[in-house]
Amino acid sequence: MDEFITRIKNYVEKNNQNFINEVRSFLQIPSISGTGEGIKETVSFLTKWIKDKFNAEVNLLSYVNHPIIYAKLKGKSNKKVIFYNMYDVQPVEPLELWESSPFEARIVGNKIIARGAYNTKGALMSCLLGILSYIELENELPFEIILVLEGEEELGSPSMPKFVEEKYNELKDSMMCYFAFPSERVIGKPSIVLGNKGIVFLEIKTKTSKYDVHSSLSRGFINPVAVISSIISHLIDPIEGPKISWLDEKAISPTEEDLQYLNDIKESSPLEEIMEIYGIKDSRIKGDDWYISVYFKPTVNVDGIYAGYVGLGTKTIIPSEAVARLDFRLVPGIEPNDVIEGLNKVIERLGYKDLVEVTVHDAYTWSKTDPKEKVVEISKEVYKEMNLKPYIIPMLPGSAPSYLFTRKLRVPMIATAPGHGGRAHAPNEYITVDTIPKIVLYTSILINKLATL
């Protein structure tokens, strides 16, 4: 075994409790991007932490809402690697379903329960501790590490395109971009994620009157709920699924290479386990078709509808307006404009053009890294040193602004780390306690092996 590997394993084991304490302290600071709660405190905490631990200059770059924390950690060579992550989290409601306060970071059994534990403040701090551990043992980094920590990922990363444009020359030619997250959906089976779907999140709104109208007149007026329902019924069927042939025909996914990793997807993310976590009784489709559809096909989803009156008693009305929020997921061959133009054509074909207003909230494209990239092999080698077998995931069903690195900067991007967690965006979000030292160790060994490139 490499001498560094032995030393870093001993170091992580010795400092295990300190690492856990550091992560819990970070998780105890709220950082809800949607409301702004705790954002300033989190930025202040991270800025001071990076300055104190790495003796690095930290820049706060503000473009839309919350700042991007940008820092360069000097190394021996002029080579560079981007470490990207996020410090913002989703709202915590419904509070009554939490076992403990969302920002207490209480240890229950072998889990730390907290908003952001899994997605992804726990991994962010563990990754920073991994960099620090390497420096503690080797005195300096082998190359420059550029920290890019954003606070708007849960808002669709509106500042990231401008940031990449402004810092293009500083970021380009990086060896890779690394995004740490606990990838063991099944404990002991970490995944190396090489891509993700793009997303268009939008709102469709119909307003037909200034006030709610007495329902006795409903025969003579347009009901906005019926308009919204009609549009949705032309986009998705509860049994047959998405009705978006205008996107399906553009998709060039899955490729033959994608399908080579189908068993990796099935083993590392079994459908049964996903259903158990969310309490789902049955799936719309089964077997390989489920994985191919979810991972490699475009889709449309209804996130919510609000209209009318559903309170106590009766209130017979034609609601004045109805609103639905939808998200579309994009695969190679499909860009955000394809979704927006296609949806508008559906609305026009149905005769609702003058009744419906479409507002796009988030929109960015898909991302993929070639599995033959050298940094992918290095990522696998790190797992080998930890006696773990990694599973390759060509593309996640979820979305992130990874395209900015892979398609704008043309830098390979890898999202991975050992460790287990779950319930992202839901009550009782968690990571297992041993996830923290695992990510610390993985990050340190990754730095060590990237130095050989």
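Our structure's up above, just so we're on the same page.
Residues numbered from 1 in each chain as written. Predicted model: local features only at pLDDT ≥ 70, side-chain atom pairs only at ≥ 80, totals over all residues. Heavy atoms only, no water.

1. Regarding the overall build of the chain
Secondary structure assignment for the chain yields 16 helices and 22 strands. Whereas a compact globule of 453 residues would reach a radius of gyration of roughly 22 Å, the chain reaches 23 Å, a difference of no more than 12%. In terms of overall dimensions, the chain has a C-alpha envelope of 80 × 45 × 45 Å along the principal axes. Here the analysis covers contacts within the chain between residues at least 6 apart in sequence; of these, 82% occur between residues at least 24 apart. Total accessible area on the chain is roughly 20,500 Å²; 49% of this is exposed by carbon and sulfur atoms. Looking at the chain, you have 52 positive and 60 negative side-chain charges, and the mean spots of the two groups are 1 Å apart. (Helix = DSSP H or I, 4+ residues; strand = E, 2+ residues; numbered from the N terminus. Rg over C-alpha atoms; globule rule 2.2 N^0.38 Å. Contact = heavy atoms within 4.5 Å. Areas by Shrake-Rupley, 256 points an atom, 1.4 Å probe, with all protein chains shown as cover. Lys, Arg positive; Asp, Glu negative; His and termini not counted. Charge placed at Lys NZ, Arg CZ, Asp CG, Glu CD.)

2. Here we look at the side chain of aspartate 362
One can find aspartate 362 in strand β16 (residues 356-364). Within the buried core, aspartate 362 has no salt-bridge partner, and the shortest N-O distance to an opposite charge, that of arginine 325, equals 8.5 Å. In this structure aspartate 362 touches Leu155, Gly156, Ile199, Val200 and Phe201, once residues within four positions along its chain are discounted. (Buried < 20%, exposed > 50% of the residue type's maximum accessible area, 1.4 Å probe, protein only. Salt bridge = Lys/Arg side-chain N within 4 Å of Asp/Glu carboxyl O.)

3. Topic: the packing of aromatic side chains
Using the criterion set out here, one finds 14 aromatic pairs in the structure. A centroid spacing of 5.3 Å and a plane angle of 80 degrees characterise the contact between phenylalanine 83 and tyrosine 178, whose relative ring orientation is edge-to-face. Placement of phenylalanine 83 in strand β3 (residues 80-86) and of tyrosine 178 in strand β7 (residues 177-179) is noted, with a sequence separation of 95 residues between them. On the basis of relative accessibility, which here comes to 3%, the residue phenylalanine 83 falls in the buried class. Aromatic ring contacts, followed pair by pair, group Phe83, Tyr178, Tyr383 and Tyr442 into a single cluster. In this structure, lysine 121 is placed above the aromatic ring of phenylalanine 26, and the distance from its NZ or CZ to the ring centre is 4.9 Å. (Phe/Tyr/Trp six-rings, centres within 6.5 Å; stacked < 30°, edge-to-face > 60°. Lys NZ or Arg CZ within 6 Å of the ring centre and 35° of its normal.)

4. A word on the nonpolar core
A general feature of soluble globular proteins is that nonpolar side chains tend to end up buried together. Counting residues in each nonpolar core, the largest one holds 71 residues, and the members touching the most others are Ile50, Ile131 and Leu147. Leucine 147 has contacts with Ile50, Ile69, Tyr70, Ala71, Leu73, Phe83, Leu128 and Ile131, leaving out every residue within four places of it along the chain. In this structure, Leu171, Ile265, Ile274 and Leu404 belong to the second largest nonpolar core, which totals 35 residues. (Core = buried A, V, L, I, M, F, W, Y, C linked by side-chain atoms within 4.5 Å.)

5. A word on the packing of helix α2 (residues 16-27) against helix α16 (residues 435-450)
At a minimum axis distance of 9 Å, the contact between α2 and α16 shows a crossing angle of 105 degrees. When the axis of α2 is compared with that of α16, the two are roughly perpendicular. Every residue of α16 that contacts α2 at Asn16, Phe19, Ile20 and Val23 is listed here: Ile436, Pro437 and Val440. Here the contact of α2 with α16 is built from residues that sort into six nonpolar, one polar and no charged. (Axes fitted to C-alpha atoms, helices over the stretch in contact; angles between N-to-C directions. Parallel < 35°, antiparallel > 145°, perpendicular 65-115°, else oblique. Nonpolar A, V, L, I, M, F, W, Y, C, P; charged D, E, K, R; others polar.)

6. So, the sheet that holds strand β22 (residues 430-432)
Spatial strand order, β4-β5-β22-β21: four strands in an open sheet with antiparallel pairing. For this open sheet the edge positions go to β4 (106-108) and β21 (421-422), each flanked by a neighbour on one side alone. With three bridges joining them, strand β5 (residues 111-113) and β22 adopt antiparallel strand pairing. Bridge assignment links isoleucine 113 to a residue of β22, and that residue is tyrosine 430. (Pairing = 2+ DSSP bridges.)

7. Some remarks on unusual backbone geometry
Across the junction of asparagine 119 and threonine 120, the peptide omega takes the value -20 degrees, indicating a cis bond. Positionally, threonine 120 belongs in the loop between β5 and α4 (121-138). Here serine 253 and proline 254 are connected by a cis peptide whose omega angle stands at 5 degrees. Of note, proline 254 is situated in the loop between α8 (245-248) and α9 (256-259). Look at serine 157: it is not a glycine, yet its phi comes out positive at around 55 degrees. Mapped onto the elements of the fold, serine 157 is located in the loop between β6 (144-150) and α5 (160-166). Of note in this structure, arginine 410 is not a glycine but carries a positive phi near 60 degrees. Relative to the helices and strands, arginine 410 is located in the loop between α15 (403-408) and β20 (413-415). You can call arginine 410 exposed: its relative accessible area is 70%.

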